[in-house]
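A structural walkthrough
Listed here are the chains, written in short residue letters.
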Amino acid sequence: LIRFLVILYAFSYLDRINIGFASLSMNRDLRLTATQFGLANTIFYLGYILCEIPSNLMMARYGARLWLPRILITWGIASAATMFATGAPSLYSIRALVGLAEGGFLPGVLLYLTLWFPQAHRAKANALFMIAQPLTIAVGAPLSGLILDRHSAWGMAAWRWLFLVEGLPSAILGIVAYFYLTD
């Protein structure tokens with residue numbers, strides 16, 4: 001269970017950091033100022049924060065087997081849709097959707113872990129789960145760089161490929177999670 005949840009969290013965290021890598025060329029293509037780029041990130045986190053508690057309430061109602069995969073599929077599609085941004089307003093809208101979609105994942109998994117691990121083992125389970133953050137940075141940074149180095153394959157900007165390649169696996173993992181997780 002922990003290994004699978006680490007993979008899921010790695011993609012969640014990758015979604016949060018990949019916009020920083022994409023910004024190297026995305027900001028130029030979309031004619032974004034540093035302030036506009038910063039605002040896009042702020043909007044993501046506002047949506048993220050707004051949905052944490054309501055999402056956990058929904059998970060308690062519908063169960064982790066249904067709710068966590070729903071989160072993964074929704075945020076994966078929304079994250080990949082960032083590739084369609086055409087300027088600041090569209091980027092703001094898409095990143096708001098990504099934040100709203102992804103907001104319940106981390107607190108939902110932490111709640112899920114409390115249901116699976118007794119208190120004496122929970123700190124270890126949480127620590128193993130949280131190892132996904134540094135692992136994601138270690139693997140995600142070179143992966144993002146590799147995608148960006150491919151420059152415009154098939155006429156599409158590399159930063160657009162970045163969102164597609166790093167967003168869609170979350171949606172696919174959401175389908176896998178539906179069959180793998182239990183309430």
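One can find the structure itself at the top, above this paragraph.
This report concerns the structure included in the present document.

Rules of the game
- Residues numbered from 1 in each chain as written.
- Predicted model: local features only at pLDDT ≥ 70, side-chain atom pairs only at ≥ 80, totals over all residues.
- Heavy atoms only, no water.
- Helix = DSSP H or I, 4+ residues; strand = E, 2+ residues; numbered from the N terminus.
- Expected span 1.5 Å × (residues − 1).
- Contact = heavy atoms within 4.5 Å.
- Axes fitted to C-alpha atoms, helices over the stretch in contact; angles between N-to-C directions.
- Parallel < 35°, antiparallel > 145°, perpendicular 65-115°, else oblique.
- Left-handed = near helix turned anticlockwise from the far one by under 90°.
- Phe/Tyr/Trp six-rings, centres within 6.5 Å; stacked < 30°, edge-to-face > 60°.
- Buried < 20%, exposed > 50% of the residue type's maximum accessible area, 1.4 Å probe, protein only.
- Lys NZ or Arg CZ within 6 Å of the ring centre and 35° of its normal.
- Bend = angle between axes of the 7 residues up to and from the residue.

**Observations concerning helix α8 (residues 158-180)**
With 23 residues, α8 should cover 33 Å at 1.5 Å per step; its first-to-last C-alpha distance of 33 Å lies within 8% of that length. Of the surrounding elements, those touching the buried residues of α8 are α1 (2-30), α3 (64-80), α4 (88-102) and α7 (132-149).

**Remarks on the packing of α1 against helix α6 (residues 119-130)**
Close contact between α1 and α6 brings their axes to 8 Å; oriented N to C, the two are set at 40 degrees. Between α1 and α6, the crossing angle belongs to the class labelled oblique. Taken as a pair, α1 and α6 cross one another with a handedness that is right-handed. For the pair formed by α1 and α6, the contact residues are Ile-2, Leu-5, Val-6 and Tyr-9 on the first element and Ala-125, Leu-128, Phe-129 and Met-130 on the second.

**Points about the environment of Pro-107**
Structurally, the position occupied by Pro-107 is in helix α5 (residues 105-116). Residues Pro-107 and Tyr-62, spaced 45 residues apart in sequence, show a C-alpha to C-alpha distance of 15 Å. Excluding its chain neighbours within four sequence positions, the residues that come into contact with Pro-107 are Glu-52 and Asn-56.

**Focus: the packing of aromatic side chains**
Following the criterion strictly, the structure yields 13 aromatic pairs and no others. Where Tyr-112 meets Trp-116, the ring centres are 6.2 Å apart and the plane angle is 70 degrees; that geometry is what we call edge-to-face. Of this pair, Tyr-112 and Trp-116 both sit in helix α5, four residues apart, which is roughly one turn of the helix. Overall, the relative accessible area of 1% leaves Tyr-112 in the buried class. Note that Arg-65 overlies the ring of Tyr-178, its terminal NZ or CZ placed 4.0 Å from the centroid. Against the face of Trp-67 rests Arg-70, its NZ or CZ located 4.3 Å from the ring centre.

**A closer look at α1**
If you check α1, its first and last C-alpha atoms are 39 Å apart, about what 29 residues at 1.5 Å a residue would give, namely 42 Å. Remark: the principal bend of α1, roughly 60 degrees, maps to Ser-23.

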